[in-house]
Amino acid sequence: MRKRAQQYLLKSIVFGLVISLMAACTSNNSPATGNATAEPKEQESSAPAVKEKYTLYHPHQTTPIDLNGPVTKEVLAKMGIEFEKIEIGNGSDIAQQVNLKLVGGNFPNAIILSPESPIWSRLIDEDRLLPLDDYFNQPDEYPNLAKIDKRIIDNWRATDGHIYFVPMGYEPKPEEPSAWQGNAQGLWIQSGLAEKAGLTVDSLGTIEGFEAYLTAVKQLKDSQGRDLIPLSLGGENFAGLEYVMSMFGVAAWNEGGDGTQVPDYRTEGFKRGFQWLNKMHLQGLLDPETAFHKRDLFLEKTNSLRFSAMISNGWDSPNATILANNNLPSSITYSELEKQGFPEGWFVPVKLPTVDNIKPAQYANFNPFGGLGTGVGKDTKNPDALMKGLDWLQTPEAFILMEYGQESMGAYKMEDGVVVVNQDVFQGPEFWGGEGMTNVTEKGFFWWKQLGSTLSTHIPTLEAPWIATNAMLYKAEQINQEQGTFGLLPATFRTKALVGGMVEKYTPVQTDIRLQYYAKLLLAKSEAEFEQVYNQFLNEMKVRGHDEETIAEFNEQYAAYMATPAGQVKIEVTRSMPRNVFSDKAEAVGR
């Protein structure tokens, strides 16, 4: 459970950084520095074996690291190096922290940052980083760095052609990722209501069938005799709008037919999507307040079990509340609950209804590229030894040590090549059950993965059956894969805005305009009013939002990005590594 939650948290952080089209420029957009790739130096075989000492700076980390922790000692022994000093952040602005570091003139030997951070550009511009290209191309010397899929390396190349950091948390085999990527978005319905309404789940497969379902359930009462609310749009700031637009074939950016990209609101599908939402509101089938509610109010209404259907991210499903209301333990597995029978009101994911044979747009994104990166200072003495250490961190042995500690600590054991976790210890007070991050940092496990590691997708691990609530989230992702709304993070999302450019300047303005007019479009009282509001919306985006300039600038950045190796990266999932979701006993996954 904790590991799955950690994976989702990592993905949330990664996607929050990657998906924003308006994010500041990263190393992919940094100016060319003219630096030559550093040639790894030959080790002097006659020299005595002495562990090198380095400094490490991790401004994202705010809990002090105990260098005497037992796992830390073993990790460093395996790496063959020592960190004489590890500096952490102070919880303030990362860019400000790094700026102080640069001004102070004591740049570290290694620095950990988000791979999407614009700080990489600054460090490259100031010639503070060592280009690492050759370390990924010497399988005899650095076998594990050389194993990293070249598309992952290409994704993080700066515009000068060099790679300046070792990625962390990437998929070791991009074509064979975990079957669980944290994508539970889409349409969720109360499983028993269709039958009560005289319909079947299959009948919801079209927009007409879905409307018939909403109309039918409007006449029904919940278990407390209250009127049901047919549809929720998923929370604050129109959280579920993206999935509605998918039904009408609209993504954030869309092919314009001439190689350029068109923003969602300038497509016919966007207008049709809002016309449909407005229609649902006028017919009393949609609760418009859920598009405006603050999160706490939205969750309160959701957990009151009033909705018959939700177009949402899936993570706000009220299934945990339903279990509690029926005196069922939150730890009950899907297999156990299926045998007992699902309680009344249980929410299940279903495919989005189709509209006029339109192919749904992708919204569930797969990101194999990693969540952090470790760069090496250009003035570092003997960078080869440091890179040897980072090379070892890419191994399964390193991941297991950093995730579970030493085998003698009792959190896991190896059986026939499979990691078997002792959850009583792993979730207990000596590990994750301790106070905050104290155990993690004092004993020195887990956090070292931020310096360098793969995901655990292909490490054989004995996994217990999933609890029922999480199994439904897994089902939602499988549905997304089946209906084609799941795929590699689009190149439009990986394109970065120009620092100080029009996109960066006018994104806040455009966001305000969107939210203002989304509400007006949803609540329009007639077709005529809707047309008037929509035209006003387009005009506001043009005049106040300067969208002609922002669209032109984005397309320039997009074209430039597509001309780089990163823009050419393509990954087709050929096999999803299964998880032990629906069985009634523990099974090995990862092979």
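Overview of the structure. Residue numbers here run from 1 along each chain, matching the order of that chain's written sequence. Side-chain atom pairs in this predicted model are given and counted only at pLDDT of 80 or more, local residue features only at pLDDT of at least 70, and totals for whole chains, interfaces and linings cover all residues. Hydrogens and waters are ignored; side-chain quantities use all the structure's heavy atoms.

## Remarks on the environment of G484
- With respect to the secondary-structure elements, G484 resides in the loop between helix 18 (468–482) and strand 17 (486–488).
- C-alpha separation for the pair G484 and P360, spaced 124 residues apart in sequence, amounts to 7.1 Å. Here a helix means four or more residues in a row that DSSP labels H or I, a strand means two or more in a row labelled E, and each is numbered from the N terminus.

## A look at the sheet that holds strand 3 (residues 110–113)
- Here, any two strands with at least 2 DSSP bridges between them count as paired. One open sheet accounts for five strands, arranged 2-1-3-13-4; its pairing is mixed. One side of each edge strand has no neighbouring strand; the edge strands of this open sheet are strand 2 (81–88) and strand 4 (166–168). Direction aside, neighbouring strands of the sheet carry axes that sit 25° apart on average.
- Pairing of strand 3 with strand 13 (residues 372–376) involves four bridges; the strand directions are antiparallel. Residue pairing across strands places I111 opposite G375, the latter belonging to strand 13.
- Between two residues, a contact is recorded if the distance between any of their heavy atoms is within 4.5 Å. To obtain an axis, a line is fitted to C-alpha atoms, over the contacting stretch when the element is a helix, and the angle between two such axes runs from 0 to 180 degrees between their N-to-C directions. Here helix 14 (residues 383–392) sits on the sheet in contact with strand 1 (52–58), strand 2, strand 3, strand 4 and strand 13, set at roughly 160° to strand 13.

## What to know about the environment of G284
- Relative to the helices and strands, G284 resides in the loop between helix 10 (268–282) and strand 9 (286–287).
- Whether a residue is buried, partly exposed or exposed follows from its accessible area with a 1.4 Å probe, protein chains only, as a fraction of its type maximum: under 20%, in between, or over 50%, in that order. On the basis of relative accessible area, G284 is assigned to the partly exposed category, the value being 32%.
- Sequence separation of G284 and R575 is 291 residues, and the distance between their C-alpha atoms is 43 Å.
- Residues contacting G284, with those up to four places away along its chain left out, are K218 and P230.

## Quick word on the sheet that holds strand 9
- With mixed pairing, the five strands of this open sheet are ordered in space as 9-6-10-5-11. Whereas interior strands pair on both sides, the edge strands pair on one side only; in this sheet they are strand 9 and strand 11 (347–350).
- In this sheet, strand 11 lies alongside strand 5 (residues 186–190) in antiparallel orientation, the contact comprising four bridges. Within the sheet, the bridge partner assigned to I189 lies in strand 11 and is V348.
- This element, helix 18, spans strand 5 and strand 11 of the sheet and lies at about 15° to strand 11.

## Description of unusual backbone geometry
- Phi at D127 is positive, roughly 60°, even though this residue is not glycine.
- As for its position among the elements, D127 is in the loop between helix 4 (119–125) and helix 5 (143–147).
- Residue classification places D127 among the partly exposed residues on the basis of a relative accessible area of 34%.
- In this structure, N237 is a non-glycine residue whose phi angle is positive, near 55°.
- Note on placement: N237 falls in the loop between strand 6 (229–232) and helix 9 (241–247).

## Some points on the environment of D379
- With respect to the helices, strands and loops of the structure, D379 is situated in the loop between strand 13 and helix 14.
- Owing to a relative accessible area of 76%, D379 belongs among the exposed residues under this scheme.
- Residues D379 and L130 lie 249 residues apart in sequence; the distance between their C-alpha atoms is 8.0 Å.

## A few points about the packing of aromatic side chains
- Stacked, tilted and edge-to-face are the three classes applied to pairs of Phe, Tyr and Trp rings, where Trp contributes its six-membered ring and a pair requires centres within 6.5 Å; stacked means planes under 30 degrees apart, edge-to-face means over 60, and tilted covers the rest. If you walk through the whole model with that rule in mind, you get 34 aromatic pairs.
- For the ring pair Y334 and F342, a centre distance of 5.5 Å and an interplane angle of 50° mean the geometry is tilted.
- Measuring from ring centre to ring centre gives 6.2 Å for F366 and F486, while their planes differ by 20°; the resulting arrangement is stacked. Taken together, the residues span a long stretch of sequence, with F366 in strand 12 (residues 364–366) and F486 in strand 17 at a distance of 120 residues.
- On the basis of relative accessible area, F366 is assigned to the buried category, the value being 0%.
- A relative accessible area of 14% places F486 in the buried class.

## Looking at the nonpolar core
- To define a nonpolar core, start from buried Ala, Val, Leu, Ile, Met, Phe, Trp, Tyr and Cys residues and group those joined through side-chain atoms within 4.5 Å. Counting 158 residues, the largest nonpolar core has F83, L123, Y213, F274, W276, W448 and F537 as its most contacted members.
- Setting aside chain neighbours within four positions, we find L123 in contact with V98, L102, F107, I111, L113, R128 and L129.

## Examining the pairing of strand 3
- Side chains A110 and I112 of strand 3 all project onto a buried face; the interleaved residues I111 and L113 project onto the opposite face, where all are buried too.
- Across two bridges, strand 1 lies against strand 3 in parallel orientation. Of the residues in strand 3, the one forming a bridge with Y57 is I111.

## Concerning the side chain of K271
- With respect to the helices and strands, the residue K271 is situated in helix 10.
- Side chain to side chain, K271 and E531 meet in a polar contact 2.9 Å long.
- Residues in contact with K271, not counting those within four places in the same chain, are F530, E531 and Y534. Any pair of N or O atoms that falls within 3.5 Å is considered a polar contact. Within protein, one atom must be able to donate a hydrogen and the other to accept it, and sequence-neighbouring residues count only if both atoms are side-chain atoms.

## As for the packing of helix 20 (residues 502–523) against helix 21 (residues 527–543)
- Their axes nearest at 10 Å, the elements helix 20 and helix 21 cross at an angle of 180°. One element, helix 20, and the other, helix 21, form an angle in the roughly antiparallel class. Between helix 20 and helix 21, the contacting residues are Q510, I513, R514, Y517, Y518, K520 and L521 on the first element and F530, V533, Y534, Q536, F537, E540 and M541 on the second.
- Residue polarity is assigned by list, with Asp, Glu, Lys and Arg as charged and Ala, Val, Leu, Ile, Met, Phe, Trp, Tyr, Cys and Pro as nonpolar; anything else, Gly included, falls into the polar class. Here the residues of the contact of helix 20 with helix 21 sort into nine nonpolar, two polar and three charged. Any angle that is under 35 degrees is reported as roughly parallel, and any over 145 degrees as roughly antiparallel; angles of 65 to 115 degrees are reported as roughly perpendicular and all others as oblique.

## Side note on the pattern of salt bridges
- Salt bridge, as used here, is a side-chain nitrogen of Lys or Arg placed within 4 Å of a carboxyl oxygen of Asp or Glu. As enumerated under the stated definition, the model contains 31 salt bridges in all.
- For R266, the salt bridge identified is with D547, shortest N-O distance 3.1 Å. With R266 in the loop between strand 8 (261–263) and helix 10 and D547 in helix 22 (residues 547–562), the pair connects residues that are 281 residues apart, well separated along the chain.
- Its relative accessible area of 41% is what places R266 among the partly exposed residues.
- Sharing partners across several salt bridges, the network here consists of K85, E87 and K101.

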